[in-house]
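# Chains, contacts and geometry: an overview
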Amino acid sequence: MYRIFVTVVLVLVLCVGATVGYFNAQPIHFDYLAGQIELPLIALVLADFFIAVLLTLLICGGRILTLKAEARRLRKQLRDAEAELKNLRNIPLKDV
């Protein structure tokens, strides 16, 4: 049921995107620091979206990698502590 719902939502989003792209196909004049270009409005919107996604991945990607490394380090530390605890439990007790 969930997969059908997700598929329907994705198809609806695709249709809305195609509709927006169709009605925003007129060319616009875009000035930027390095020059100017004339392109369809939908191309500019999509380029802006993908640039934002890439910047977000770059910014968050570094943080995600550091958190994964920390989680790996903590798992190793936990594994070592559990092994030490197991060794301590296996030491026979002697009467003094």
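Within any chain, residue numbers begin from 1 and follow the written order of that chain's sequence. Local features in this predicted model are restricted to residues of pLDDT 70 or higher, and side-chain atom pairs are both shown and tallied only at a pLDDT of 80 or more, whereas totals for entire chains, interfaces and linings draw on every residue. Water and hydrogen atoms play no part in the side-chain values, which are based on all heavy atoms of the structure.

Here we come to the packing of aromatic side chains. Each aromatic ring pair is described using two quantities: the centre-to-centre distance and the angle formed by the ring planes. Side-chain rings of Phe, Tyr and Trp (the six-membered ring for Trp) are treated as a pair once their centres are within 6.5 Å; stacked means planes under 30 degrees apart, edge-to-face means over 60, and tilted covers the remaining angles. Overall, the coordinates contain three aromatic pairs when judged by the stated rule. Ring geometry for Y22 against F23: centres 5.1 Å apart, planes inclined by 75°, an arrangement best described as edge-to-face. Take Y22 and F23: they sit in the same class, and that class is exposed. Taking the centre distance of 5.8 Å and the plane angle of 25° together, the rings of F30 and Y32 count as stacked. Accessibility expressed as a relative area gives 30% for F30, which makes it partly exposed. The buried label applies to any residue whose accessible area, calculated with a 1.4 Å probe on protein chains only, is under 20% of its type's maximum; exposed applies above 50%, and partly exposed to all values in between.

With six bridges connecting them, strand β1 (residues 27-32) and strand β2 (residues 35-40) associate as antiparallel partners. Across the sheet, residue P27 finds its bridge partner in β2, namely P40. A loop of two residues connects β1 with β2, the two strands running antiparallel in sequence. At least two DSSP bridges between two strands are needed for those strands to be called paired. Only runs of H or I of at least four residues qualify as helices and only runs of E of at least two qualify as strands under DSSP, and these elements are numbered from the N terminus.

Read these as geometric descriptors, not functional statements.
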